[in-house]
Amino acid sequence: MGAVILGLWSILFATSFSAGMISAMIEKGIRHQHSHLQIHHNNYQKNKEAKHFIEDAESILQKSASDENIQASAARVTTQAMMNTTKGVRGIQVIGVQAEREAQLTDIDQFIITGKYFDGKQRKPILVSKGIAEKMKLKESTKLVLTFQNTLGDISTLSFRVAGIFDTGNAMLDDTRVYVPFKSLQTALGLAEGQAHELAFFLKDASELERSQAALAAIAPRLHVQSWEDLAPEFRVFEEQFRISIYVILFIIMLALIFGIINTMLMAVLERIRELGMLMAVGMNKRKVFNMILTETVLLTLIGAPIGILLAWISITFFSENGINLGAYAEGLSSMGVGHIIRPVFEPEVFFITSIMIIITAILAAVYPAYKAVKLKPVEALRRA
Amino acid sequence: MSLIIDVNNIEKTYTETAVPVHALRGVDLQIEAGEFTAIVGPSGSGKSTLLNIIGGLDVPSTGSVVVNGTDISQLNANQLIDFRQKNIGFVFQAYNLIPVLTAKENVEFIMLLQGRSKSERDARVKELLEEVGLMDKMDNRPTQLSGGQQQRVAVARALASKPSFVLADEPTANLDSKSTANLLDIMLKLNQEEGMTFVFSTHDQRVIDRARRVLTLEDGKIVSDIKTKA
Ligand SMILES: Nc1ncnc2c1ncn2[C@@H]1O[C@H](COP(=O)(O)OP(=O)(O)OP(=O)(O)O)[C@@H](O)[C@H]1O
Ligand SMILES: [Mg+2]
């Protein structure tokens, strides 16, 4: 019974915990990186060149405002550039962001650890990541130069001063990009007013995603409207891996459970070997003996299962309210894009399936001891002391 | 009197052992309804083996055992269990009551296996516990009873299924002399008043003295068969 309780609890808790981790990762990814929906030029994803821009970006943004479900949106211009500092050169993605809108959309202003976010007063400001700042010895107001191709194919050079250093917790991504004000990059790339490379939208209600996506597609018929699921296929992979690991854990626990139950019930059979011998001698038939042992096991499981499920439910509910602080492992987690507070997610479907599986397992495991009991010969069983 | 047990020239050889053991070497035995028969003999002479074969718990190597007209060596395992349930009452040396059940329930459960009605079970349990003098211990569990009391419950249990005879392998071996005398009183009373047939093995001279027929086994053979009282 203890095995049943522990088995059920651990599998249910482990599942909810990993589900919590995955959903935290996805939520974070949507909130701070991908947003729910993005619009690009049809060729942009294939070939991220400056010339694949959206002609009427600003007007699409204006029109999209009529969808109640859109909470925040912003336009971006972007290009690949060489970054020159006194310490050297490196390739980087330059993103031109609309200061107000971007802050609303991705909270990028919340992640500035040194210096300031764009305030409109700085001269030629640029935001660099903590990692790049360290590697290239950049400090607040250090000068650097970006070299890139504009939409006409000409080489442009722009100089900047570091206004702030950011750290979103996702170092892998942070270190591939720098942020500059929208206008300066738009102009430097040779784009006109109202043009941009990327539009991003954050929704109030994610369950309405498909409807909002369709609405955007109607506003921007010749453009590529994608949801976060298309933009971040790695989330799907994570979810897939999560499912696989759940099955592996499930399998291992089931196995442990089977042996636990077999062991317990074999002991129970051995302890009562004389009693069973007597029962068979006085005329309890094999079917009845078999059913008796099976019934006992099922009862044992049926008592254990609700306790295990209840315990799992209690601990999941508790931790989903309070979170599990994994401060000690925060570094590893943040590189995966997960915060250090994990809230397990209660998944009714997993609960249901696991509970059923465990109960079936328990019944299957009872068959062997019951079979052993039936195989006893009454005379021999009675002779045992 | 009618013949209820008819043992014809049985032999029993245990072959699972390194050296085959000839536990019974040609036993012929007839027991009629109403007998009160003791099987005696030195240790290892084959008493338990004989009782087990008569009770359908073990099978002879050769020979036949006919109980109430049925050749039990012809029955399959399930039929044999069924046959035991309907025809034979068992009393064991170690009582073998179910520890979690009360005296009443220990007597009752055989009738449950037989599918008897509640009222029938209640009436029979009362009757039997009265006969073995344990009405006041009805709700006690085996651990709350003395060895003698437990064995009396076991006798009541053996009779509960209304068998045609009771087999008891050394029923008094674990009892003191007072309990032994008491159990024998009860068995004799049941034999005389209800006509119940008893076949039991024993080493105890005081038990042998009260039997009405004494069969002596030696080295797997019956060496004497004495009917003491009419
Ligand atoms: N399952 C068995 N396997 C092998 N030999 C056995 C088995 N059961 C009994 N024997 C042997 O058969 C012989 C007769 O045994 P049995 O138990 O019938 O004697 P018994 O007269 O009941 O003796 P006791 O008075 O000690 O109970 C003995 O030699 C015993 O060792
Ligand atoms: Mg014996």
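Numbering of residues starts from 1 in each chain and follows the order in which that chain's sequence is written. Chains and ligands are labelled sequentially in the order written, the chains with letters from A and the ligands with numbers from 1. In view of the model being predicted, local features appear only for residues whose pLDDT reaches at least 70, and side-chain atom pairs are presented and counted only at 80 or more, with totals across whole chains, interfaces and linings using the full set of residues. Values shown for side chains rest on all heavy atoms present in the structure; no hydrogens or waters enter the calculation.

**Considerations on the overall build of chain B**
Line of reasoning, step 1. Helix and strand assignments come from DSSP, with helices taken as H or I runs of at least 4 residues and strands as E runs of at least 2, each series counted from the N terminus. Each helix and strand in chain B was counted, giving seven helices and ten strands.
Line of reasoning, step 2. The buried share of chain B, reckoned over its 230 residues, is 54%.
Line of reasoning, step 3. Contacts were defined at the residue level, with two residues in contact if any of their heavy atoms lie within 4.5 Å. Partitioning the contacts of chain B with sequence separation of at least 6, the portion at a separation of at least 24 is 69%.
Line of reasoning, step 4. Calculation of accessible area relied on Shrake-Rupley with a 1.4 Å probe; when residues are assessed, cover is drawn exclusively from the protein chains displayed. Only carbon and sulfur atoms are counted for the fraction: they give 49% of the accessible area of chain B, which is about 9,900 Å². Burial classes: relative accessible area under 20% of the type maximum marks a residue as buried, over 50% as exposed, and values in between as partly exposed (1.4 Å probe, protein chains only).

**A word on the environment of Gly 41 of chain B**
Residues and elements named next belong to chain B.
Line of reasoning, step 1. Among the secondary structure elements, Gly 41 is positioned in the loop between β3 (36-40) and α1 (47-54).
Line of reasoning, step 2. Spatially, the C-alpha atom of Gly 41 lies 7.2 Å from that of His 203, the residues being 162 residues apart in sequence.
Line of reasoning, step 3. Gly 41 has contacts with Lys 47, His 203, Thr 216 and Leu 217, leaving out every residue within four places of it along the chain.

**Brief notes about the packing of aromatic side chains**
Residues and elements named next belong to chain A.
Line of reasoning, step 1. Here is the rule: rings of Phe, Tyr and Trp (six-membered ring for Trp) pair when centre to centre is within 6.5 Å. Planes less than 30 degrees apart are stacked, more than 60 are edge-to-face, and the remainder are tilted. Here the structure, examined in full by the defined rule, presents nine aromatic pairs over all chains.
Line of reasoning, step 2. For the pair Trp 9 and Phe 13, a centre-to-centre distance of 5.3 Å together with 5 degrees between the ring planes defines the contact as stacked. Pair noted here: Trp 9 and Phe 13 are both in helix α1 (residues 2-34), with a separation of four residues, about one helical turn.
Line of reasoning, step 3. When its relative accessible area of 29% is taken as the criterion, Trp 9 is described as partly exposed.
Line of reasoning, step 4. Owing to a relative accessible area of 13%, Phe 13 belongs among the buried residues under this scheme.
Line of reasoning, step 5. Within the aromatic cluster, the residues linked to one another by ring pairs are Trp 9, Phe 13, Phe 318 and Phe 319.
Line of reasoning, step 6. In our convention, an over-ring charge means Lys NZ or Arg CZ found within 6 Å of a ring centre and within 35 degrees of that ring's normal. Above the ring of Phe 202, the side-chain terminus of Arg 31 is found at 4.8 Å from the ring centroid.

**Observations regarding helix α9 (residues 233-271) of chain A**
Residue and element names in this part refer to chain A.
Line of reasoning, step 1. In a helix, the anticipated span is given by 1.5 Å times the number of residues less one. Look at α9: 57 Å from first C-alpha to last across 39 residues, which is about the 57 Å you get at 1.5 Å a residue.
Line of reasoning, step 2. Every buried residue of α9 is listed here: Phe 235, Phe 242, Ile 246, Leu 250, Ile 253, Met 254, Leu 257, Ile 261, Ile 262, Met 265 and Val 269.
Line of reasoning, step 3. Contacts made by the buried residues of α9 are with α1, α8 (228-231), α10 (273-281), α11 (286-322) and α13 (348-375).

**Examining the interface of chain A and chain B**
Line of reasoning, step 1. The interface of chain A with chain B comprises 15 residues on the first partner and 18 residues on the second.
Line of reasoning, step 2. Throughout, buried area stands for the accessible area (probe radius 1.4 Å) lost by two parts on being put together, summed over both. Carbon and sulfur atoms make up 68% of the area that chain A and chain B hide from each other, which totals about 1,500 Å².
Line of reasoning, step 3. Looking at the side of chain A facing chain B, the largest losses of area belong to Met 278, Val 282 and Val 379 of chain A, adding up to 35% of the total buried there.
Line of reasoning, step 4. What makes a salt bridge here is a side-chain nitrogen of Lys or Arg within 4 Å of a carboxyl oxygen of Asp or Glu, nothing more. Where chain A touches chain B, the interface holds zero salt bridges.
Line of reasoning, step 5. At the level of secondary structure, the elements contributing two or more residues to the side of chain A that touches chain B comprise α10, α11 and α14 (378-383) of chain A.
Line of reasoning, step 6. It is α10 of chain A that contributes the most residues to the side of chain A that touches chain B, six residues altogether.
Line of reasoning, step 7. Taken together, the residues of the side of chain A that touches chain B sort by class into nine nonpolar, two polar and four charged. In this classification, Asp, Glu, Lys and Arg are treated as charged, Ala, Val, Leu, Ile, Met, Phe, Trp, Tyr, Cys and Pro as nonpolar, and every other residue, Gly included, as polar.

**Let's talk about the sheet that holds strand β9 (residues 213-218) of chain B**
All names here are of chain B.
Line of reasoning, step 1. Two strands form a pair only when DSSP identifies at least two bridges running between them. Taken in spatial order, the six strands make up an open sheet running β6-β7-β8-β3-β9-β10, and their pairing is mixed. Two strands close off the open sheet at either side, each with one partner strand: β6 (88-91) and β10 (221-227). Each strand axis lies, on average, 15 degrees off the axis of its neighbour in the sheet, ignoring direction.
Line of reasoning, step 2. In the sheet, β3 pairs with β9 via four bridges, with the strands oriented parallel. Across the sheet, Val 40 pairs through a bridge with Thr 216, a residue of β9.
Line of reasoning, step 3. Each of β3, β6, β7 (165-169), β8 (197-201) and β9 touches α1; the most contacted strand, β7, lies at about 150 degrees to it.
Line of reasoning, step 4. Along the sheet, helix α2 (residues 77-87) makes contact with β6 and β7, crossing β6 at roughly 85 degrees. Interaxial angles span 0 to 180 degrees and are taken between N-to-C directions of axes, which are lines fitted to C-alpha atoms, for helices over the stretch in contact.

**Observations regarding the sheet that holds strand β1 (residues 3-14) of chain B**
Residues and elements named next belong to chain B.
Line of reasoning, step 1. With antiparallel pairing, the four strands of this open sheet are ordered in space as β2-β1-β4-β5. Strands with a single pairing partner mark the edges of an open sheet, and in this sheet they are β2 (21-32) and β5 (70-71).
Line of reasoning, step 2. Note: β1 against strand β4 (residues 62-67), five bridges, orientation antiparallel. By the bridge assignment for β4, Glu 11 is matched with Thr 62.

**Brief notes about the site of ligand 1**
Line of reasoning, step 1. Of all residues adjacent to ligand 1, which total 16 residues, the nearest are Ser 43, Gly 44, Lys 47, Ser 48 and Thr 49 of chain B.
Line of reasoning, step 2. Proximal residues around ligand 1 fall on chains A and B, making this an inter-chain site.
Line of reasoning, step 3. Any pair of nitrogen or oxygen atoms within 3.5 Å is treated as a polar contact; in protein, a donor-acceptor pairing is required on top of that, and neighbouring residues in sequence qualify only through side-chain atoms on both sides. With respect to ligand 1, the backbone of Gly 44 of chain B contributes an N or O atom lying 2.8 Å from an oxygen atom.
Line of reasoning, step 4. In the model, an oxygen atom of ligand 1 is placed 2.7 Å from a nitrogen or oxygen of the Ser 48 of chain B side chain.
Line of reasoning, step 5. Alone, ligand 1 offers 630 Å² of accessible surface; in the complex the protein occludes 70% of this.
Line of reasoning, step 6. At the level of elements, β2 and α1 of chain B are the ones that each hand at least two residues to the shell around ligand 1.
Line of reasoning, step 7. In terms of residue count, the dominant contributor to the shell around ligand 1 is α1 of chain B (three residues).
Line of reasoning, step 8. When the residues that make up the shell around ligand 1 are grouped by side-chain class, the tally is four nonpolar, eight polar and four charged. Note on definitions. A residue lies near a molecule or strand when any single heavy atom of the residue is within 4 Å of it.

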